[in-house]
Amino acid sequence: MPAKVGMVKVLSISSSSIFNIGDVYSMSPAASVKTFAGGGSFNTGSGIRINIDRSSTYVNDREVVDQSIINS
């Protein structure tokens, strides 16, 4: 069944979003990210004690894209 759409005002669309007007079968946005972090970086909660004397994260990443996202 066709969709009836009135006036639409788009203020902004981010780089990893989908904008659709009308009927659609499937939408699947894709994004990838690479994160480098040292010891104790992603701890959450209340009352956490972390004792890391010397924590270092050395990154030497020469690749611009590790695995590209393929839209098919």
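This text goes with the structure placed above it.
Quick caveat: nothing in here was measured; it's all calculated off a predicted structure.

**Q** Teacher, can you tell me more about the overall build of the protein chain here?
**A** Along the backbone of the protein chain there are zero helices and zero strands. Looking at the protein chain residue by residue over its 72 residues, the buried ones come to 0%. Long-range contacts, defined as pairs at least 24 residues apart, comprise 21% of the intrachain contacts of the protein chain with a sequence gap of at least 6. Summed over its atoms, the accessible surface of the protein chain is roughly 7,500 Å², and 49% of this surface lies on carbon and sulfur atoms.

**Q** For this particular structure, what's the right way to read the environment of Ser55?
**A** For Ser55, a relative accessible area of 40% corresponds to the partly exposed category. The residues touching Ser55, leaving out its near neighbours within four places in the chain, are Gly38 and Gly39.

So, how was this worked out
- Residues numbered from 1 in each chain as written.
- Predicted model: local features only at pLDDT ≥ 70, side-chain atom pairs only at ≥ 80, totals over all residues.
- Heavy atoms only, no water.
- Helix = DSSP H or I, 4+ residues; strand = E, 2+ residues; numbered from the N terminus.
- Buried < 20%, exposed > 50% of the residue type's maximum accessible area, 1.4 Å probe, protein only.
- Contact = heavy atoms within 4.5 Å.
- Areas by Shrake-Rupley, 256 points an atom, 1.4 Å probe, with all protein chains shown as cover.

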